[in-house]
There are 2 protein chains.
Amino acid sequence: MTATETTKPWEELARLAESGSPPELEAFLDELPASDVALAMSRLSDDEQAQVVTVLTPDHAADLVEQLTDVQAVELIEHLEPQDAAAILDELPSDEQADLIGDLDNDDAEAILDAMAPDEAADARQLSQYDNDVAGGLMVTELLKYSESFTVGDVVEDMRERAEKYRDYDVQYAYVCDDSHCLTGVLRLRDLLLAKRSQRIAELMIHEPRSVQDHTTLDELFDFFESHHYLGVPVVDVAGCLLGVVQRAAVDEARSGQHDSDFLKTQGIVGGEEIRTLPLLLRSRRRLAWLSVNIVLNVMAASVIAFFQDTLSAVIALAVFLPIISDMSGCSGNQAVAVSLRELSLGLVRVDELLRVWLKEIAVGMLNGVALGLLIGLVAYLWKGNPYLGLVVGGALCLNTMIAVSIGGIVPLVLKRFKVDPAIASGPILTTVTDMCGFLLVFGIATAMLEQLTNI
Amino acid sequence: MTATETTKPWEELARLAESGSPPELEAFLDELPASDVALAMSRLSDDEQAQVVTVLTPDHAADLVEQLTDVQAVELIEHLEPQDAAAILDELPSDEQADLIGDLDNDDAEAILDAMAPDEAADARQLSQYDNDVAGGLMVTELLKYSESFTVGDVVEDMRERAEKYRDYDVQYAYVCDDSHCLTGVLRLRDLLLAKRSQRIAELMIHEPRSVQDHTTLDELFDFFESHHYLGVPVVDVAGCLLGVVQRAAVDEARSGQHDSDFLKTQGIVGGEEIRTLPLLLRSRRRLAWLSVNIVLNVMAASVIAFFQDTLSAVIALAVFLPIISDMSGCSGNQAVAVSLRELSLGLVRVDELLRVWLKEIAVGMLNGVALGLLIGLVAYLWKGNPYLGLVVGGALCLNTMIAVSIGGIVPLVLKRFKVDPAIASGPILTTVTDMCGFLLVFGIATAMLEQLTNI
């Protein structure tokens, strides 16, 4: 093994930041894949991370910040002096500025905004008013905007003069506005290329272009880009004034972030994404918030068992099957939850189609319930040689599978309809209800045929 | 309510397809948001769906197919006559052609390829050789390619002549090749715009442009686009010949699909995405594949209880707490699994960093274990008035929480290292091991202090 293979990238990163050599540090970061940048930074202390970004020029530091995960970027920015943070934020695209500022504590955000370039700060203040999941919060304000009276030559002249400023812009379209800044047309770069220089852009542009309002939701934007092969769409206010552009990529990224956070929520990570570099108490508290609700629900469900202590004493073998029935019903129900969450996010089911979902689920539930019930019934019968024990646990699991898929399929729709986040709440509701039903079924059937069971 | 509000979109869709009026049907589909197209099609029978796409022109049918989910598109194409399917596939971008063909049965795929336009079929055959998650499988072959000897004027002339052909292309860059089709440069559209018509493109282009090989993986591509502000990257073979272009949007979409399918797998939907319009037996079989493994593991774990029947008979109250300890340990462990899966997908942890992950998890596990243990111990004590019962169940849950987060944190890394899909396998391994440990802890501690417990 050579030395470069054994030195970890974060050790090298810390060393270069320590030695304070900007060109070497920049060259090193340029060579690292983006995911290794995030990894390496996550292994440095807060102070070391701050040192890295202050050694870099603000421009390069902004590139680095863009490669971090959102959680990392916020932690890092909060640890910087306001003027250092402001210099970096000045270099970020307007949508990322606004996202970061929205995620900071109010005091931190104000201190940084005060230290930013006045025009950048004004933009950022305005954009950070919007929620992250509407067009206003997803748009960038860096765009090419021309007056209707311009010719193609005027546009080309402007692009040549401000080449440096436009360098980092995603220029696919230029936007045409009238004197009151209302959007009247869109120019495609390729049409500009094919046109004569003397032609007026008002003749060349796409008139009455499609646009969205600043409060258009993420789901509506996603639909828009699914229906139209555009790379970006202009955002206007109620008066039709051009505010910015939402890029297709920004919408895709936001959707994907939403799905990731849904995934974490179904697994009990609530209150924000967890990465293991976050402070211990914060991680513990966020996880415990979910666990403590669950334990209360669990105690409620298990209290059913307490009511049937006499039956249980008589047929102690039942205790072996209670956790199995609880867990397997949870598994079957969670499958139905997952399919419902997915169909909701794909728009393949409406929140009021409870009957449709139930019919689809109960059909699967009957098949799988019978299969699982036979299997566990057989195990119980073979273990104790008593067919009635098999009948009790097999019958209970079979019926409870049907209950579990019904609840698992329907609960996400109902929660969504009542504006409760189905990713967070579906699981706990499902397991509590199915546990209770499962225990009731086992003991209900067992109590009914107690005479046949007590000879075990 | 007006008539349009009460008529469901799929009823209208079926009616328009039945009446066979292409312009009306096209107008109706143009008005529907993309997600409603997928919803409406999902409510039609296979025959009705086939009728809709055969009434449309192949071009419009292709637009519709692009708005469906992948599972829907495959089901629909398989239900069409090969020549109808071929006409639609001819109109799709090359990457979607290849995806669809790759997902079809081999016989169906061959029949459709035979009926396609020869050049489209040749492209599609070649692209469908690639896996979906490498550059070759993600690229499109629709691109602008020019010889080094061209001038800006030649390029503009070509773009004007073939404007119709290029209409649906995502043209951000044009690619420049030498006589042996090797990629030598990239032209940005905006540089073309600013240049003189007489200039040779070889002088204007970006030389030695960044490119990727056809076998570059999705993760590497994602890293590439994280590090570079490009909208697309050219794909070359080992000899440097230009094969196609991977768009940033295609990479984002593939990543997001991968995350969605990971989510479904953690919840027990394996063997492919499920939507509820799939045949009942297929849905049942896929779900049962996961459930039947789980039930065997569950029986193994629960068999621990069977070994301690004497202890259980003596202290029947323990039976109430077994499902609670099983479920709560599963919850804590699944939180650790979720964070590990997320950190792996973000590249924030390496598969060999077991010690780091364990230290981070055990710290949270100790805090949360003590909190949950105290809570459940208190419940047990208050219920039966016996502090030792509280000690048994509280101690067991506390220790088992630490075990659960350790296993939950580490197992995904180990599985990934041994190339087993951590999204599928982590959950079942976790619950089996933590159930066993939990039951052993309860009965181990209870057996040791049996005398103090039997007065309950």
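Being a predicted model, the structure only gives us computed values, none of them experimental.

A look at the relation of the copies chain B and chain A
Alright, step 1. Here chain B sits on chain A after a turn of 180° about the axis and a move of 0.0 Å along it, with an RMSD of 0.1 Å. Within this description, the copies of the chain are treated as partners about a two-fold rotation axis.
Alright, step 2. When the interface residues of chain B are mapped onto chain A, 100% of them again lie at the interface, so the same face is used by both copies.

Let's talk about the sheet that holds strand 7 (residues 242-247) of chain B
Residue and element names in this part refer to chain B.
Alright, step 1. A sheet is described by the order of its strands in space; here three strands give the open sequence 5-6-7, paired in mixed fashion. Looking along the sheet, the strands with just one partner apiece sit at the ends: strand 5 (212-213) and strand 7.
Alright, step 2. With two bridges joining them, strand 5 and strand 6 (residues 232-236) adopt parallel strand pairing. Across the sheet, the residue bridging to Val-212 is Val-235, located in strand 6.

Examining the interface of chain B and chain A
Alright, step 1. On the chain A side, the residues contacting the 89 residues of chain B number 89 residues.
Alright, step 2. Among the elements that line the side of chain B that touches chain A, the one with the most residues is helix 21 (residues 318-346) of chain B, at 19 residues.
Alright, step 3. The class makeup of the residues in the side of chain B that touches chain A is 47 nonpolar, 22 polar and 20 charged.

Some remarks on helix 19 (residues 280-307) of chain B
Alright, step 1. If you check helix 19 of chain B, its first and last C-alpha atoms are 40 Å apart, about what 28 residues at 1.5 Å a residue would give, namely 40 Å.
Alright, step 2. At Leu-288 of chain B, helix 19 of chain B is deflected by roughly 30°, the largest bend along its length.
Alright, step 3. When we look at burial in helix 19 of chain B, the residues that qualify are Arg-283, Arg-286, Arg-287, Trp-290, Leu-291, Asn-294, Ile-295, Asn-298, Ala-301, Ala-302 and Ile-305 of chain B.
Alright, step 4. On its buried side, helix 19 of chain B packs onto helix 21 (318-346) and helix 22 (354-384) of chain A together with helix 20 (309-314), helix 21 and helix 24 (422-448) of chain B.

Focus on the packing of helix 21 of chain A against helix 19 of chain B
Alright, step 1. Where helix 21 of chain A contacts helix 19 of chain B, the axes come no closer than 9 Å and their chain directions differ by 160°. The pairing of helix 21 of chain A with helix 19 of chain B is recorded here as roughly antiparallel in orientation. Crossing handedness for the pair helix 21 of chain A and helix 19 of chain B: right-handed. Contact residues: Ala-319, Val-320, Phe-321, Pro-323, Ile-324, Asp-327, Met-328, Cys-331, Ser-332 and Gln-335 of chain A in helix 21 of chain A; Arg-287, Leu-291, Asn-294, Ile-295, Asn-298, Val-299, Ala-302, Ile-305 and Ala-306 of chain B in helix 19 of chain B.

Let's talk about the domain arrangement of chain A
Alright, step 1. Domains assigned within chain A are domain 1 (3-129), domain 2 (145-264) and domain 3 (280-453).
Alright, step 2. For domain 1 of chain A versus domain 3 of chain A, the separation of C-alpha centres amounts to 47 Å.

About the thresholds
- Residues numbered from 1 in each chain as written.
- Chains lettered and ligands numbered in written order.
- Predicted model: local features only at pLDDT ≥ 70, side-chain atom pairs only at ≥ 80, totals over all residues.
- Least-squares fit on C-alpha atoms with pLDDT ≥ 70 in both.
- Contact = placed C-beta atoms within 7 Å.
- Pairing = 2+ DSSP bridges.
- Helix = DSSP H or I, 4+ residues; strand = E, 2+ residues; numbered from the N terminus.
- Nonpolar A, V, L, I, M, F, W, Y, C, P; charged D, E, K, R; others polar.
- Expected span 1.5 Å × (residues − 1).
- Bend = angle between axes of the 7 residues up to and from the residue.
- Buried ≥ 20, exposed ≤ 12 C-beta atoms within 10 Å, placed from the backbone.
- Axes fitted to C-alpha atoms, helices over the stretch in contact; angles between N-to-C directions.
- Parallel < 35°, antiparallel > 145°, perpendicular 65-115°, else oblique.
- Left-handed = near helix turned anticlockwise from the far one by under 90°.
- Domains from an automatic or database assignment.

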